[in-house]
Amino acid sequence: MKNILIVGAGYSGSVIGRILAEHGLKITIIDKRNHIGGNAFDYTDDLGIRVHKYGPHLFHTSNQKVVDFLSQFTEWTPYLHKVKALLKDGRFATLPVNAESANMVGKENVIDIFVRPYSEKMWGMKLEDISTDIINRVPIREDLNELYFPNDHFQNLPTHGYTKMFENILNHPKISISLNTQFEKNMEKDFDYIFNSMPIDEYYEYLYGELPYRSLKFHIQQIPMPKILPVCQVNFTHEGKFTRVSEWKNLPNHGTNNFNTTVTFEEPCDYKDNNHERFYPVKDSNGKNREIYNKYAQLEHPKMTFIGRLGLYAYLDMDQCVNSALKTAEQFLTKHKIPKNS
């Protein structure tokens, strides 16, 4: 094992690539997009404001191993994420729903105001058909907590941005990167092994059918006001097409502008309606989609491991992606008995 291809320059591919490069393997990373960092990619716009191109990425974890790995490549700035819901009368209520938010709308209305409209737009199905695992990611609380991730010990943002962190991860003499490059099966013959973050059903040419995904259209607007929102992220409770809006300068180290602000509105849709940009695997309540994925996962490929949200058909947070990639790299090195700096 000397020559490795990694498809995708997001968390999964970048972390695996870095670890294997440190063990002396030659790493080629390709990505069909024109940038590294996957969905965590950020950039500075012409107003001097840092924008997360694919929606807000707020790093939070209680996994010290993940923190230790990433801390090699970035400094951190503390940030405790708070989210508000905009009610139809213009008031802001705290999310996750706490005792104060419930009292504002009446406890009997919490689901129909805070949960149903957002979830049904996001997932394109009735609330009753969505897996409870998805709904319970943000549980309703009975206290006055205002934090969106109240239980995670580590809540920080990369001080110089996610893109800079990825640049540091990928800065290794054994790693080469080709952007704007689509994976093709004839590439396989040129490599000893492949880690592939492309959709697993697409790779196998939809042998068992297509796996559904939800996507997001991002509507970025510059507004000639110094600030418009009380927090970075505000969710909508109406039945309109947008689910939420993010105001980027409300995050630390995301730029200053005394006259203008940049916001992003998110519009969920089927991935086929958004240039096949797949963001979220659909976890249905009856588990049908997972059954289809399992059929693909059982197909053995002698020189390929599928990774990431699309390869594993799993709704993974950033820290979960890193943790999975660390384990995948460790298992590969152990299996092939590759010592460090070989």
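For the structure itself, consult the block above.
Predicted model only: the values in this text are computed from it and were never measured.

Colleague: I keep staring at the packing of helix H1 (residues 11-22) against helix H6 (residues 162-169) and nothing clicks. Help me out?
Modeller: Any two packed helices are characterised by the angle at which their axes cross and by the distance between the axes. In the contact formed by H1 and H6, the axes pass within 9 Å of each other and the chain directions differ by 30°. What the angle tells us is that H1 and H6 run roughly parallel. Residues Tyr-11, Ser-14 and Arg-18 of H1 touch H6, and the partners they reach there are Tyr-162, Met-165, Phe-166, Asn-168 and Ile-169. Across the contact of H1 with H6, the residue classes tally to 5 nonpolar, 2 polar and 1 charged.

Colleague: What's the story with the packing of H1 against helix H10 (residues 318-335) in this structure? I'm lost.
Modeller: Where H1 contacts H10, the two axes come as close as 8 Å, and the packing angle between them is 35°. Remark: the crossing between H1 and H10 carries right-handed chirality. Residues Tyr-11, Ser-12, Val-15, Ile-16, Ile-19 and Leu-20 of H1 touch H10, and the partners they reach there are Met-318, Cys-321, Val-322, Ala-325, Leu-326, Thr-328, Ala-329, Phe-332 and Leu-333. Grouping the constituent residues of the contact of H1 with H10 by class yields 13 nonpolar, 2 polar and no charged.

Colleague: I would appreciate a short explanation of the side chain of Asn-156 in the present structure.
Modeller: On the secondary structure map, Asn-156 appears in strand E9 (residues 154-158). Apart from residues lying up to four places away in sequence, Asn-156 is in contact with Phe-59, Trp-76, Thr-77, Pro-78 and Tyr-79.

Colleague: I keep staring at the environment of Ile-169 and nothing clicks. Help me out?
Modeller: Tracing the chain through its elements places Ile-169 in helix H6. The class for Ile-169 is buried, based on a relative accessible area of 0%. Residues in contact with Ile-169, not counting those within four places in the same chain, are Ser-14, Arg-18, Leu-70, Phe-73 and Ile-175.

Cut-offs applied
- Residues numbered from 1 in each chain as written.
- Predicted model: local features only at pLDDT ≥ 70, side-chain atom pairs only at ≥ 80, totals over all residues.
- Heavy atoms only, no water.
- Axes fitted to C-alpha atoms, helices over the stretch in contact; angles between N-to-C directions.
- Helix = DSSP H or I, 4+ residues; strand = E, 2+ residues; numbered from the N terminus.
- Parallel < 35°, antiparallel > 145°, perpendicular 65-115°, else oblique.
- Contact = heavy atoms within 4.5 Å.
- Nonpolar A, V, L, I, M, F, W, Y, C, P; charged D, E, K, R; others polar.
- Left-handed = near helix turned anticlockwise from the far one by under 90°.
- Buried < 20%, exposed > 50% of the residue type's maximum accessible area, 1.4 Å probe, protein only.

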